[in-house]
Amino acid sequence: MRAGARPGPWKRGYLLAATALLLGLFMLAHAEIPNRIGNLGSLVETFLPWCGLVVPLLLAGALWRRSASAVVALLLPVLVWLNLFGGLLSDKSHPGGDLTVVSHNVAADNPDPAGTARELVASGADVLALEEITRQAKPLYEKELAKTYPHHAVRGTVGLWSKLPLSDTRPIDIKMDYGPLAKTKPADTSMETVRALRATVTTGRGTLAVYVAHLASARVNPRAGFATDQRDRGARAIGEAVAADRNERVVLLGDLNGTTYDRAFAGITSRMRSVQDVAGDGFGFSWPAAFPLVRIDQILVRGMKPERSWSLPSTGSDHLPVAAAISW
């Protein structure tokens, strides 16, 4: 009698089934989540790939409850996740490449800048971008990188080292100083806060515009939510600079403090391609170095062909260096 009274597999686990459907709809409609309240939409998009971890938990619950309805409902989040990120699960890299570029947030509190520089030299990069260079560490990087990279430029806390000639190097205003008091700052003080530059790299096959940027950090706190206003202003400024750049070939390297899924970077991603998305293997998470959860260090290109994208071993920084091979 007890066995006959038990609900069948299609009538068990309604809560699990409803949760699975809500998860699928949540991922499917992520672009509709508003940013008006604490930039919630951007926060969701930053960690959106991790929504997939909920699926195995729900599946375990469905199997434990022997719920056929919950198992079927799980098809929705699985299909949505695969549609969004399934392409990243395969290795899309190709051998070769005309130019190898590396970007690394070396961290202001890096205990061994010289050692980090030597590890970056070993990467074989033709063009190397560094972010978060302190005044104290700058001479150490310059000394260790000088032999391999005869051409370099540092503006504020970002720098570019190259085996190929550099020219037309200039800072890019990413609106770090914003508001009526910004214009009252002395020039030398403003230069110290420069966190983006643009340079022309001359190659045997033409010139390449290279941007290096370290956008403002996103902050999560109870009052402001996911605070990204300063970062978003910088993203818009970089997008506008790239749009106005007359060079056919453009590379953007840097710590953008956000993922390419974040709508705040639409002005950049609509004009440039992420090498990791096009020619990487996996998600290529870069931060934090001890246990990478997100990819906020980016290499994007316009007018170049992505060949490979990979992360380099950890240095003394809390970020992993990211590398890419690109071709004409």
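Placed above this text is the structure.
First, a word on scope: everything that follows refers to the structure included in this document. (Residues numbered from 1 in each chain as written. Predicted model: local features only at pLDDT ≥ 70, side-chain atom pairs only at ≥ 80, totals over all residues. Heavy atoms only, no water.)

Overview of the overall build of the chain
We apply this condition: A run of DSSP states H or I qualifies as a helix once it reaches four residues; a run of E qualifies as a strand once it reaches two. Both are numbered from the N-terminal end. Three exposure classes are used, based on accessible area relative to the maximum for each residue type with a 1.4 Å probe and protein chains only: buried under 20%, partly exposed in between, and exposed over 50%. The Shrake-Rupley method, run with a 1.4 Å probe sphere, supplies the accessible areas, and residue values consider only the shown protein chains as cover. Counted as positive: Lys and Arg. Counted as negative: Asp and Glu, with His and the chain ends omitted from the count. Charge positions come from single atoms, namely NZ of Lys, CZ of Arg, CG of Asp or CD of Glu.
Looking only at helices and strands, the chain features twelve helices and 14 strands. Principal-axis analysis of the C-alpha atoms places the extent of the chain at approximately 85 × 50 × 40 Å. The 328 residues of the chain split such that 49% are buried. When the accessible surface of the chain is split by element, carbon and sulfur atoms take 60% of a total near 16000 Å². Here the chain holds 36 positive side-chain charges and 29 negative ones, and the gap between their average locations is 8 Å.

Describing the side chain of Arg-195
Note the following rule: For this analysis, a salt bridge means a side-chain nitrogen from Lys or Arg found within 4 Å of a carboxyl oxygen belonging to Asp or Glu. The definition of a polar contact used here is a pair of N or O atoms within 3.5 Å, where within protein one atom must be able to donate a hydrogen and the other to accept one, and adjacent residues in sequence count solely through side-chain atom pairs. The contact rule is simple, with two residues in contact once any of their heavy atoms fall within 4.5 Å.
Structurally, the position occupied by Arg-195 is in the loop between α9 (187-192) and β6 (196-203). Buried and unpaired, Arg-195 has no salt bridge, with Glu-132 as the nearest side chain of opposite charge at 5.8 Å. A polar contact of 2.9 Å, which involves the side chain of Arg-195, links it to the backbone oxygen of Leu-215. When neighbours within four sequence positions are excluded, Arg-195 is seen to be in contact with Thr-157, Val-158, Ile-174, Met-176, Val-212, Ala-213, His-214, Leu-215, Ala-216 and Ser-217.

Describing the packing of helix α7 (residues 113-121) against helix α8 (residues 138-145)
Using the following cut-off: All axes are obtained by fitting lines to C-alpha atoms, using only the stretch in contact for helices, and the reported angles, taken between N-to-C directions, cover 0 to 180 degrees. Left-handed describes a crossing whose near helix is turned anticlockwise from the far helix by less than a right angle; the clockwise case is right-handed. Side-chain classes are defined by residue name, with Ala, Val, Leu, Ile, Met, Phe, Trp, Tyr, Cys and Pro counting as nonpolar, Asp, Glu, Lys and Arg as charged, and the others, Gly among them, as polar.
Two elements in contact, α7 and α8, have axes separated by 9 Å at closest approach and are oriented at 35°. In this structure, α7 crosses over α8, and the sense of that crossing is right-handed. Counted together, Pro-113, Ala-114, Ala-117, Arg-118 and Val-121 of α7 and Leu-140, Tyr-141, Glu-144 and Leu-145 of α8 form the full contact between these two elements. A per-class count over the contact of α7 with α8 returns seven nonpolar, no polar and two charged.

Considerations on the sheet that holds strand β14 (residues 322-327)
Heads up, the rule is: The criterion for strand pairing is that DSSP finds at least two bridges linking the strands in question.
Across the sheet, which stays open at both edges, the six strands sit in the order β3-β4-β2-β1-β14-β13 with mixed pairing between neighbours. Looking at the sheet topology across the chains shown, the edges are occupied by β3 (151-155) and β13 (305-311). Across the sheet, the mean angle separating the axes of adjacent strands is 15° when strand polarity is ignored.

Considering the sheet that holds strand β12 (residues 297-302)
If you walk across this open sheet you meet the six strands as β5-β6-β7-β10-β12-β11, and the pairing is mixed. Single-partner strands in this sheet number two, and they are β5 (166-171) and β11 (273-274). Relative to strand β7 (residues 206-214), β6 is paired through eight bridges, and the arrangement is antiparallel. Of the residues in β7, the one forming a bridge with Thr-203 is Gly-206. Contacting β6, β7, β10 (250-255) and β12, helix α10 (residues 229-244) crosses the sheet at an angle of about 170° to β7.

Re the nonpolar core
Taken as a class, soluble globular proteins show a tendency for nonpolar side chains to be buried jointly. Under the convention used in this document: For this analysis, a nonpolar core means a set of buried residues of the types Ala, Val, Leu, Ile, Met, Phe, Trp, Tyr and Cys, connected via side-chain atoms within 4.5 Å.
The biggest cluster of nonpolar side chains holds 22 residues, and the ones touching the most others in it are Val-101, Leu-160, Leu-253, Ile-299 and Ile-326. Mapped onto this core, the elements with two or more residues apiece are β1 (99-105), β2 (127-131), β4 (158-162), β6, β7, β10, β12 and β14. In contact with Leu-253, not counting residues within four places along its chain, are Val-101, Val-102, Ser-103, Val-127, Ala-129, Leu-160, Val-210, Tyr-211, Val-212, Ala-213, Gln-298 and Ile-299. Listed in part, the 21 residues of the second largest apolar core include Met-176, Tyr-211, Ala-235 and Ala-241.

What to know about unusual backbone geometry
Looking along the chain, the bond that leaves Trp-287 and enters Pro-288 is cis, with omega of -10°. Positive phi, close to 75°, is recorded for Ala-107, a residue that is not glycine. Checked against the element boundaries, Ala-107 lands in the loop between β1 and α7. Note on Ala-107: relative accessible area 4%, which makes it buried. You will see that Asp-168, though not glycine, has its phi angle at about 50°, which is positive. In this fold, Asp-168 is placed in strand β5.

Observations concerning the packing of aromatic side chains
A ring pair, where both rings are aromatic, is described by two values, the distance of the centres and the angle of the planes. Note the cut-off: Aromatic rings from Phe, Tyr and Trp, taking only the six-membered ring of Trp, are treated as a pair when their centres fall within 6.5 Å; an angle between ring planes under 30 degrees marks them as stacked, one over 60 as edge-to-face, and anything in between as tilted.
Taken as a whole and judged by the stated rule, the model has six aromatic pairs. Centroid distance Phe-85 to Tyr-261: 5.2 Å. Interplanar angle 80°. Geometry classified as edge-to-face. Residue Phe-85 is found in helix α6 (residues 75-85), and its partner Tyr-261 is found in the loop between β10 and α11 (266-269); the two are separated by 176 residues along the sequence. Here Phe-85 falls in the buried class, since its relative accessible area comes to 1%. We classify Tyr-261 as partly exposed; its relative accessible area is 25%. Among the aromatic side chains, those forming a connected cluster through ring pairs are Trp-50, Trp-81, Phe-85, Tyr-261, Phe-283 and Phe-285.

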